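Close look at the chain arrangement
Here is what each chain is made of, one letter per residue.
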Amino acid sequence: MTKYRTLVLATIGFNFSFLIWFSFAPFTGGMAEEFSLSTAEIGILASSAIWMAPFGRILTGWLSDKFGAPAIFAIVLAYVGVFSIGSAFAQDYSVFFVTRLIVATAGITFVIGIQHVAEWFEEENLGLAEGIYAGIGNAGAAGGALILPRVFGTGWSGPLFATNWRAAFFYTGCVSIVLAVVYYVFGEAAKTTEKRQATKENATFKGWVYTATRYGTVVLAAAYIMSFGLELSMNGWLATYYREAFDTSNLVLASTFAATFSVAAGLLRPFGGYGSDLLARKEMDILPFFKGQYREQWTFCGLCFIVLMMFGLTLAGFSGVVMNAVIVGFLVGTGCAWAEGAIFAQVPAMFPNSSGSVAGIVGGVGTVGGIVYPLIYSAPWLANFHIGYSVTAVSMIPIVLLAAWVFQPEIAAVANSAGFVGESGDAPSATPSDD
């Protein structure tokens with residue numbers, strides 16, 4: 001039963017981390033008014049929420065392997081809570097911006113939970129378990145978009161704050177600190193002492209460099225840019241998009257429209273993991289040119305679906321009907337969930353004793369999309385808000401082509417041992433061989 005407690009604990013921790021990560025998104029209008037921000041500056045604020053994630057995820061993934069997930073998860077939740085509370089009192093925009101940058105590192109908890117779940121679940125159920133963890137966890141963004149504007153609405157007032165967003169940041173910070181204590185007290189690092197020791201011994205610099213340069217790590221990290229990076233960008237941008245592009249001035253309505261994407265990208269993620277598990281167990285070929293590489297086939301389909309739906313989102317925007325954009329946005333979220341679940345079914349299956357380090361690399365590099373894409377959506381050189389989605393889709397095509405190359409049977413079969421730097425003989429002693 002401890003493995004299920006671990007799954008629940010990690011899921012709750014990450015769900016709230018995602019909520020506090022994007023707690024600013026429903027309140028961009030109020031913050032823009034108070035700090036006199038332009039639309040482009042709001043785009044920078046949305047992008048800045050991701051700036052600390054790449055390095056932070058890479059570091060905490062390795063730290064989770066080295067010291068165990070419970071301690072690292074608790075530390076992150078604790079300091080994020082402290083700085084969230086601090087941002088609620090910031091009067092100068094520079095101070096506010098810096099405190100929110102630190103709060104945004106809440107997103108690095110994703111790789112900690114991935115490592116924690118991988119330390120407890122068997123390979124044949126990893127995709128589903130990681131999908132449940134990440135899917136429900138990612139839905140925290142939807143929870144923030146749906147709950148925070150309603151709890152701390154425009155007319156909200158309380159004993160400490162007269163503005164809604166300041167109150168939201170203060171109280172979510174308090175909850176984060178409480179969760180840090182709970183995670184540290186009830187979390188257990190691995191299912192056996194032997195498993196904990198194997199993971200710890202592989203957490204060396206040599207082991208990190210080796211796994212970071214394998215074909216499998218590189219292609220999955222790139223694929224995560226166009227799936228999870230896209231999800232991050234949408235979570236921070238869509239409320240602004242629906243408000244500005246369709247003149248939807250109602251804060252709650254615009255946030256609700258945006259939440260439909262987050263619901264799809266979050267709650268449907270177990271579908272991506274389960275599909276990968278199912279194809280692997282039943283040895284089903286759905287793309288004959290990747291014959292025998294079952295998880296890879298499922299991932300590739302998800303990546304292609306994302307590209308098509310991003311072009312579709314531009315067309316939906318040009319229709320001028322907001323519900324068309326909401327529906328296609330939901331489908332984009334579905335594609336993100338599909339690909340993300342598939343990717344993180346592959347990560348621990350491919351690198352069972354380095355799941356934290358590889359998850360950190362994939363998750364960290366993947367967040368780059370969340371930094372770059374909002375800058376595209378809000379770019380002043382675009383004719384309108386809708387075109388940015390097609391520009392983003394075009395930028396994803398090279399990643400799809402890279403996946404098509406790596407997922408070829410002869411390359412995919414050695415993707416966890418062959419790489420861009422060094423050979424399999426350069427592997428540290430604790431690095432596992434092919435599954």
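This report concerns the structure included in the present document.

**Quick look at the pattern of salt bridges**
- All told, the structure shown has 7 salt bridges when counted by the stated rule.
- The salt bridge involving lysine 195 is made with glutamate 119; its shortest N-O contact spans 3.7 Å. Pair noted here: lysine 195 is in helix α11 (residues 193-202) and glutamate 119 is in the loop between α7 (109-118) and α8 (126-138), with a separation of 76 residues, a long-range link. Note on accessibility: lysine 195 and glutamate 119 belong to one class, buried.
- The partner of glutamate 340 in a salt bridge is arginine 269, with the nearest N and O atoms 3.2 Å apart. With glutamate 340 in helix α17 (residues 322-350) and arginine 269 in helix α15 (residues 269-282), this pair connects stretches of sequence that are 71 residues apart. Across this residue pair, the class does not change: glutamate 340 and arginine 269 are buried.

**Some details on helix α20 (residues 387-406)**
- Between its first and last C-alpha atoms α20 spans 31 Å; for 20 residues at 1.5 Å apiece the expected length is 28 Å, and the two agree.
- Most pronounced at methionine 396, the bend in α20 amounts to some 25°, and the proline proline 398 follows within four residues.
- Among the residues of α20, those classed as buried are Gly388, Tyr389, Ser390, Thr392, Ala393, Met396, Ile399, Val400, Ala403 and Val406.
- Along its buried surface, α20 packs onto α13 (215-245), α16 (294-318), α19 (368-377) and α21 (409-412).

**Re the packing of aromatic side chains**
- Within the structure shown, the criterion is met by 43 aromatic pairs.
- Relative to phenylalanine 228, the ring of tryptophan 21 has its centre 6.4 Å away and its plane inclined at 45°; by these criteria the two rings are tilted. Here phenylalanine 228 lies in helix α13 and tryptophan 21 lies in helix α1 (residues 2-21), a separation of 207 residues in the sequence.
- Tryptophan 21 gets classed as buried once you look at its relative accessible area, which sits at 1%.
- Here phenylalanine 96 and phenylalanine 169 contribute two aromatic rings whose centre-to-centre distance is 6.3 Å and whose plane-to-plane angle is 25°, an arrangement assigned as stacked.

What counts and how
Residues numbered from 1 in each chain as written. Predicted model: local features only at pLDDT ≥ 70, side-chain atom pairs only at ≥ 80, totals over all residues. Heavy atoms only, no water. Salt bridge = Lys/Arg side-chain N within 4 Å of Asp/Glu carboxyl O. Helix = DSSP H or I, 4+ residues; strand = E, 2+ residues; numbered from the N terminus. Buried < 20%, exposed > 50% of the residue type's maximum accessible area, 1.4 Å probe, protein only. Expected span 1.5 Å × (residues − 1). Bend = angle between axes of the 7 residues up to and from the residue. Contact = heavy atoms within 4.5 Å. Phe/Tyr/Trp six-rings, centres within 6.5 Å; stacked < 30°, edge-to-face > 60°.

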